[in-house]
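Residue-level structural notes
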Amino acid sequence: MAQYTRVSSGTVAVITLQNPPVNALSAAVRQGIVDTVQRALSDSNVKSVVICGKNGKFCGGADIKEFAGPMSGPELVPMIHAIEAGDKPVVAAIEGMAFGGGLELALGCHYRIAHSKARLGLPEVTLGLLPAAGGSQRLPRLIGVPAALELITTGRHVTAAEALKLGIVDQVVDENTLQVAVKFALSVAGKSVDGHRRLSTRPCPAPPDLDALIEGAMQRVHRSSRGAVAPIACIQAVTAAATLPYSEGMERERELMATLFNSDQARALQYCFFAQRTVGRWRMPSGAHWDTSKPVPVRKAAVIGLGTMGRGIAVALAQTGISVVAVETQQQLAEAKQTVTDMLERGAQRRGVAAPLDLVQYSPDLKAVADVDLVIEAVFEDMTLKEKLFQQLSAVCKPGTLLCTNTSGLDVDRLASRTSRPELVVGMHFFAPAHVMKLLEVVYGPRSCPSAVATAMHLGKRMGKVSVAVGNCPGFVGNRMLKPYLEQANFLLEEGATPELVDQVLEEFGMAMGVFRMSDLSGLDVGWRIRKQDGQTGPGVAPGQPMRVRQGRRYSPLADLICEQGWFGQKTGRGWYDYDGPGGRTARSDPRLHRFLEEYRAQHGLVTRSIDPQEVLERCFYTLINEGFRILEDGIAAGPEDIDAIYVFGYGWPRHRGGPMFYASMVGLAAVLERLEHYHQVHQDVPYLEPSSLLRRLVANGSPPIQKWKEIIKGLHSQL
Ligand code: NAI
């Protein structure tokens, strides 16, 4: 809806968008704007117009929920055009935000006044789209091609101050935006609208080196977008603005949008948008959920162990404004303190704020954590060590302190059982580097109480993380699914692939990093230690012996063998690739590794073949997805969105492919099932390839859309 009022003796019409919470441009709002603008233009008393949004928010953009159905109501393009073409000056009074269609609406107005706290942007690209209500044509005319390209291809939001500097707004005010806008409207009342204020009639300021600029933007996008098509379409639309008359540019904008609107990528990105919100509304199998479980306030926290993870966690907590007690062994304490200090200082420099050094207090003594509200343990991944620590923490900490572990996959319930407060024990599984990565898995055990989960989820949110609540099982969600994926990658090497081939296929798909480069980065010794602890590794590999099947399961000792040689990845300068010495970052093919693979295959009589890229994709991803279905079946994740958010925000899955479960739904569940059946037939000794019963059931139910899976899962659970 849009409300129409007249002020200043009826000479200024004020149109107020009304659609809580962000005044999105639903069909009703668009109709309201069309009607009220028409009224203002035809009312002879009205000399100028102000458009604003109710409750301090100008407009959050299109109503994404409407994208799914058929379009109804007036279209944005003619609506905005009518405002711009009208002969009465129109002022946009921007408070809160002007995003997407909201900013396009403001660009159709003749003047823009923004509150200093407002943010502006065209985030369409993040939803797989482009600003197709004239935004791609008007913005370059207003602020020039380079700045428009940057904003439109990244979807970045700018502050009011930056918007003023760029020339997006005419004025920034500190208070009472509407009053200032009305006053301004009065000052231009009755004046004819200067042609220059109608952006569509302005020539686009074309830079002398337009071709080079566009080429540079294309290269940047190719490097960073990992196969996403919307940023490319955005560049093409801006190019049209710079090279064609407005009407032809609009035609081009429309054509490009048509290629994106119903694309799989746009659907995937819009799914991610909603998934990110859905995961915040967590629910435990007990029925406890986000809405009824209250978090307890966390003002002071502790981090135990300042290694790779603890350092990042301490930094992230301090940057959130939380006091931190950081505990590390005496030997490591000074070095850890120096590193945390450096990290805080670098972060502060980047953000242009003071480093919160005073918020972190260091101690080698566990007693220093007695009065904190929450502890995050991040010592070595060693169950005995962690069990002892939880016992001590339970004795040292005041009653009510939440005890959290950053374990990558150990049993949270076993740790809980070492304390006198098992209901206050949860996993807070951060990802490296913890002050940068967006994901947090919050792991509840069978005895964790809802308010403990709520507290960890809320803390994660305060720290700017996408927090996903998951159940307790080895590896939780992310690492549990990674296991079959890594396993398949190793099998593929045995069968004739190279790390380069596998990584290339996965990276071309859009993964941030191929599986072998990722393993080299995180350190091969970590998984090796865990496999040794679990008794998975063998007593060396005797030449000619069929070591490959252990207890009926195929097992690849390749990773163990390269660890035995001391090749742990980047940290030792060698792993699946060769690096420039220890700590080197650039992966190079290693002929020694290739020789090692050939010798291994020969020793074990493995017949090699040329591996098709499609097989790499299917075997790596479909086993990972299959495990995702098992996780849903087991109730470890509440729904596919939880799994997908974990993979997109923590494991480098390309957002424009929606996450593994969404990807499966796009490929078609029947096709995934058929390929898994095929590979399981060929590799009967690989249990991960056996299709999960949930996948079978979904296919038997006609492969419903992903939004309907939860109903089928519920049915499955009620039968158990
Ligand atoms: P790390 O080996 O880098 O650091 C562990 C730190 O704990 C060391 O500085 C050590 O001196 C300290 N420490 C050991 N015993 C201690 C004690 N009793 N009191 C105080 N400090 C003690 O290990 P990292 O990689 O930081 O891993 C820590 C935990 O985080 C593990 O449980 C790991 O599984 C988990 N994790 C690791 C990830 C990674 O990418 N490295 C990702 C997510 C979780």
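Residues numbered from 1 in each chain as written. Predicted model: local features only at pLDDT ≥ 70, side-chain atom pairs only at ≥ 80, totals over all residues. Heavy atoms only, no water.

**Points about the packing of aromatic side chains**
Applying the stated rule across the entire model yields 17 aromatic pairs. Aromatic side chains F509 and W653 sit 5.2 Å apart centroid to centroid with 75° between the ring planes, which places their arrangement in the edge-to-face category. Of this pair, F509 sits in helix α18 (residues 499–509) while W653 sits in the loop between α24 (640–650) and α25 (660–667), and the two are 144 residues apart along the sequence. No difference in accessibility class separates F509 from W653, as the two residues are buried. Each member of the aromatic cluster is reached from another via a ring pair, and the members are Y485, F509, F621, W653 and Y663. Over the aromatic face of F491 sits the side chain of R554, whose NZ or CZ is 3.9 Å from the ring centroid. (Phe/Tyr/Trp six-rings, centres within 6.5 Å; stacked < 30°, edge-to-face > 60°. Helix = DSSP H or I, 4+ residues; strand = E, 2+ residues; numbered from the N terminus. Buried < 20%, exposed > 50% of the residue type's maximum accessible area, 1.4 Å probe, protein only. Lys NZ or Arg CZ within 6 Å of the ring centre and 35° of its normal.)

**Considering the pattern of salt bridges**
Going through the model one piece at a time under the given rule, you end up with 38 salt bridges. Here D264 and R267 are joined by a salt bridge, their closest N and O atoms 4.0 Å apart. Here the residue D264 and the residue R267 both occupy positions in helix α11 (residues 264–278), the gap between them amounting to three residues, near one helical turn. A relative accessible area of 46% means that R267 is categorised as partly exposed. Put simply, R619 and E495 hold a salt bridge, and the shortest N to O gap is 2.7 Å. Placement of R619 in helix α23 (residues 613–633) and of E495 in helix α17 (residues 478–495) is noted, with a sequence separation of 124 residues between them. Considered together, R619 and E495 belong to a single accessibility category, that of buried residues. (Salt bridge = Lys/Arg side-chain N within 4 Å of Asp/Glu carboxyl O.)

**Digging into the packing of α17 against α24**
Orientation of α17 relative to α24, taken along the N-to-C sense of each, is 75°, at an axis distance of 10 Å. Judged by the angle between their axes, α17 and α24 are roughly perpendicular. Mapping the contact onto sequence places G478, M481 and L482 in α17 and I643, I646 and Y647 in α24. For the contact of α17 with α24, the class distribution of residues is five nonpolar, one polar and no charged. (Axes fitted to C-alpha atoms, helices over the stretch in contact; angles between N-to-C directions. Parallel < 35°, antiparallel > 145°, perpendicular 65-115°, else oblique. Contact = heavy atoms within 4.5 Å. Nonpolar A, V, L, I, M, F, W, Y, C, P; charged D, E, K, R; others polar.)

**What to know about the side chain of T419**
Along the chain, the position of T419 falls in the loop between α15 (412–416) and β15 (425–430). Overall, T419 belongs to the buried group, its relative accessible area being 10%. In this structure the side chain of T419 is engaged in a polar contact, spanning 2.8 Å, whose partner is the backbone oxygen of A416. (Polar contact = N/O pair within 3.5 Å; in protein donor to acceptor, adjacent residues only side chain to side chain.)

**Regarding the sheet that holds strand β11 (residues 323–327)**
Spatially, β12-β11-β10-β13-β14-β15-β16-β17 is the arrangement adopted by the eight strands of the open sheet, whose pairing is mixed. Single-partner strands in this sheet number two, and they are β12 (360–363) and β17 (466–471). Each strand of the sheet is rotated relative to its neighbour by a mean of 25°, with strand direction disregarded. Here strand β14 (residues 402–405) pairs with β15 via three bridges, running parallel. Looking across to β15, one finds that L403 is bridged to V425. Lying over the sheet, helix α14 (residues 383–396) contacts β10 (300–304), β13 (374–377), β14 and β15, oriented at roughly 165° with respect to β14. (Pairing = 2+ DSSP bridges.)

**Examining the pairing of strand β6 (residues 111–115)**
Successive residues of a regular strand alternate their side chains across the two faces of the sheet. Burial of β6 is extensive: five of the five residues sit out of reach of the surface. Burial along β6 is two-sided: Y111, I113 and H115 and R112 and A114, pointing in opposite directions, are all buried. Relative to β6, strand β4 (residues 90–94) is paired through four bridges, and the arrangement is parallel. When the bridges of β6 are listed, I94 appears paired with A114. Across three bridges, the pairing between β6 and strand β9 (residues 171–173) is parallel. Looking across to β9, one finds that I113 is bridged to Q171.

**Some words on the domain arrangement of the protein chain**
When the domains of the protein chain are assigned, the result is domain 1 (2–261), domain 2 (300–477), domain 3 (497–603) and domain 4 (613–635 + 638–718). The interface is formed by 12 residues belonging to domain 3 together with 17 residues belonging to domain 4. Of the roughly 1300 Å² buried where domain 3 meets domain 4, counting both sides, 73% is carbon and sulfur surface. It is F509, M511 and R554 that lose the most area in domain 3 upon contact with domain 4, and together they represent 47% of the buried surface on that side. The interface formed by domain 3 and domain 4 includes zero salt bridges. The interface formed by domain 3 and domain 4 holds four residue pairs in polar contact (both at pLDDT 80 or more) in total. If one sorts the elements of the side of domain 3 that touches domain 4 by residue count, α18 sits on top with five residues. A per-class count over the side of domain 3 that touches domain 4 returns eight nonpolar, two polar and two charged. (Domains from an automatic or database assignment. Buried area = accessible area lost by both parts, 1.4 Å probe.)

**Focus: the site of the ligand**
The full set close to the ligand counts 22 residues, and M309, E328, E381, K386 and S408 are the nearest of them. One of the backbone nitrogen or oxygen atoms of M309 is found 2.8 Å away from an oxygen atom of the ligand. N406 has a polar side-chain atom sitting 2.9 Å from an oxygen atom of the ligand. For the ligand, whose unbound accessible area comes to 830 Å², protein coverage reaches 78%. Counting residues per element, the ones that place at least two in the shell around the ligand are α12 (308–319), α14 and β15. Tallied by class, residues from the shell around the ligand come to 10 nonpolar, nine polar and three charged. (Near = heavy atom within 4 Å. Areas by Shrake-Rupley, 256 points an atom, 1.4 Å probe, with all protein chains shown as cover.)

**Notes on α25**
Every buried residue belonging to α25 is among P660, M661, F662, Y663 and A664, and all of these are buried. Looking one or two residues beyond α25, the residue adopting positive phi is G668, at roughly 110°.

**With respect to the pairing of β4**
In terms of residue burial, β4 counts as a mostly covered element, since five of its five residues are buried. Because side chains alternate across β4, one face comprises the buried residues V90, A92 and I94, and the other comprises V91 and A93, equally buried. Where strand β3 (residues 48–53) and β4 come together, three bridges link them in parallel fashion. Directly across from I51, in β4, lies its bridge partner A92. For the handedness criterion, the β-α-β arrangement of β3, helix α2 (residues 76–85) and β4 is classed as right-handed. (Right-handed = clockwise from strand over helix to strand, strands pointing away.)

**Here's the deal with the side chain of T407**
As for its position among the elements, T407 is in the loop between β14 and α15. With a relative accessible area of 1%, T407 lands in the buried category. A polar side-chain atom of T407 sits 2.9 Å from a polar atom in the side chain of E381. Within the structure, the side chain of T407 is placed 3.2 Å from the backbone nitrogen of G409, a separation counted as a polar contact.

**Focus: the state of the cysteines**
As used in these notes, a disulfide is a covalent bond between sulfur atoms, one from each of two cysteines. One pass over the full model with this rule turns up zero disulfides. Distance from the sulfur of C59, which forms no disulfide, to the nearest cysteine sulfur (C109) is 11 Å. Residue classification places C59 among the buried positions, given a relative accessible area of 0%. Lacking any disulfide linkage, C234 is separated from the closest cysteine sulfur, that of C204, by 15 Å. (Disulfide = S-S within 2.5 Å.)

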